[in-house]
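Report on the structure
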Amino acid sequence: MEDNYVLLNPKIMQKGMYPATDLFYVFEGNSVLLCHGGEIINTMALNRLQYIASIGREVYVKESTRKTLEEQARFFLKADHETEERYARTAEACNTFLNDIKDGNDIEKKSVVRLIDLAEHVLDSMDVSFLLQYTHYFENMDNYLQAHTTDVAILNGLMGRWLDLPEEDVRKLITVGFLHDIGKLQIPDIILNKPGRLTPDEFEIIKNHPVYSYNMCIDAGIDDREMLSGIRGHHERLNGTGYPDKLRGNQISSFARVTAISDIYDAMVSERVYKGASTPFEVLQEFYTDQFSNLDMDYVNIFLEKMLVELNGKFVILSNGRMGQIMYIEKKNVNAPVVKCKNGVFQTSPKDLHVVSVCGDTL
């Protein structure tokens, strides 16, 4: 190895950490790339690191990167693990729920009620930035659907509370989040898990999933019209370009409009085999610049404003691996927050030193 590479203790690594440069291990005298620099450590990368360590391979990284990873590790030891555990329980219950349906079982209302209770338990204790802390990486639709469903349900619950809706309506929105994509369980895996761009015919098949979700809920005896309209209409758009019914304007229910925002946001910040993850700042910037102008802009503005309030003051990891704290976010320039670091306060830039992930409140 070169002189500027040093040993790294893999035990300090946790999901959500960010090495600015590559990590290597040595095999038969040769250096082998283990993890790319400039990528957040996700579940797959962490498992690879732990395996390499378990078989006695030594992991190397640039000395400057080791120092920043050790700095990040001190933060992650103080992270809100209680909320993480609550989220994990909710996601696991969601996984069981989806697998039961995939195995041909009916939707059980008691299982849905349990999921709602678990999601509310997360909401009651959670800092919003928790949803922004850890990247999701999915090689197949089963894993994606579990995490995406959980995230959309929680985001819907947040939006319900931000809109000061009655608790009953908040619970309904959470329910829509858990049920909006169950119709994808009826889509062939070869299409759902396709690593490349879908053909027009394949996309037409995908576009059936809101109808499948709707029909599955009807068959299960769910008859709440607001929830059903939210489930069926979460891909409708105000100008009539959405699907499955090409609804326009006020034809689209409020539950569908809220769920559309949650669905788009979570899909963009998640990493798939065929696409990289976007940072929250990149997604919120697109919301602000009217990239999603066919959504309900009143709801979009509430979502954007509340998220910016929540992000202010949070600790973040920068693209050089160092830690910082957000001091100010300009609504017109979401993707370039002002950050305080050890060496001063400066405005980040998407093309230069920028925020790669949000960590939370405690350092």
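In this report, we go over the structure that sits alongside the text. (Residues numbered from 1 in each chain as written. Predicted model: local features only at pLDDT ≥ 70, side-chain atom pairs only at ≥ 80, totals over all residues. Heavy atoms only, no water.)

Moving on, we come to a negative patch on the surface. Taken together, the side chains of Asp100, Asp103, Asp106, Glu108 and Asp219 define an acidic patch exposed on the protein surface. The class for Asp100 is partly exposed, based on a relative accessible area of 34%. (Patch = residues over 30% accessible without salt bridge, like charges linked within 9 Å, V, L, I, M, F, W, Y side chains within 5 Å. Areas by Shrake-Rupley, 256 points an atom, 1.4 Å probe, with all protein chains shown as cover. Salt bridge = Lys/Arg side-chain N within 4 Å of Asp/Glu carboxyl O. Lys, Arg positive; Asp, Glu negative; His and termini not counted. Charge placed at Lys NZ, Arg CZ, Asp CG, Glu CD. Buried < 20%, exposed > 50% of the residue type's maximum accessible area, 1.4 Å probe, protein only.)

It is worth spelling out the packing of helix H3 (residues 81–102) against helix H4 (residues 109–125) at this point. Axis separation between H3 and H4 bottoms out at 9 Å; the angle between their running directions is 160°. By the angle class used here, H3 and H4 are roughly antiparallel. The handedness of the crossing between H3 and H4 is left-handed. Contact residues: H3 offers Thr83, Arg86, Tyr87, Arg89, Thr90, Ala93, Cys94 and Phe97, while H4 offers Ser111, Val112, Arg114, Leu115, Leu118, Ala119, His121, Val122 and Ser125. (Axes fitted to C-alpha atoms, helices over the stretch in contact; angles between N-to-C directions. Helix = DSSP H or I, 4+ residues; strand = E, 2+ residues; numbered from the N terminus. Parallel < 35°, antiparallel > 145°, perpendicular 65-115°, else oblique. Left-handed = near helix turned anticlockwise from the far one by under 90°. Contact = heavy atoms within 4.5 Å.)

The biggest cluster of nonpolar side chains holds 67 residues, and the ones touching the most others in it are Phe97, Ile182, Tyr265, Leu284, Phe287 and Phe303. Of all hydrophobic cores here, the second largest spans 24 residues; its members include Tyr25, Ala45, Ile317 and Val356. (Core = buried A, V, L, I, M, F, W, Y, C linked by side-chain atoms within 4.5 Å.)

Counted at 1.5 Å a residue, the expected span for H4 with its 17 residues is 24 Å, and the 25 Å between its end C-alpha atoms agrees. All buried positions along H4 are accounted for by Val112, Leu115, Ile116, Leu118, Ala119, Glu120, Val122 and Leu123. (Expected span 1.5 Å × (residues − 1).)

So, on to the sheet that holds strand S2 (residues 23–27). In sheet architecture, strand pairing relies on hydrogen bonds along the backbone and comes in two forms, parallel and antiparallel. An order of S1-S4-S2-S3 is seen for the four strands of this open sheet, with the pairing classed as antiparallel. The open sheet has two edge strands with one neighbour each: strand S1 (5–8) and strand S3 (30–35). Each strand of the sheet is rotated relative to its neighbour by a mean of 40°, with strand direction disregarded. Inspection of the sheet shows S2 paired to S3 by five bridges, in the antiparallel sense. Bridge pairing in S3 places Phe24 opposite Leu33. Contacting S2, S3 and strand S4 (59–62), helix H1 (residues 43–54) crosses the sheet at an angle of about 145° to S3. Along the sheet face, helix H2 (residues 63–76) touches S1 and S4 and points at about 100° away from the line of S4. (Pairing = 2+ DSSP bridges.)

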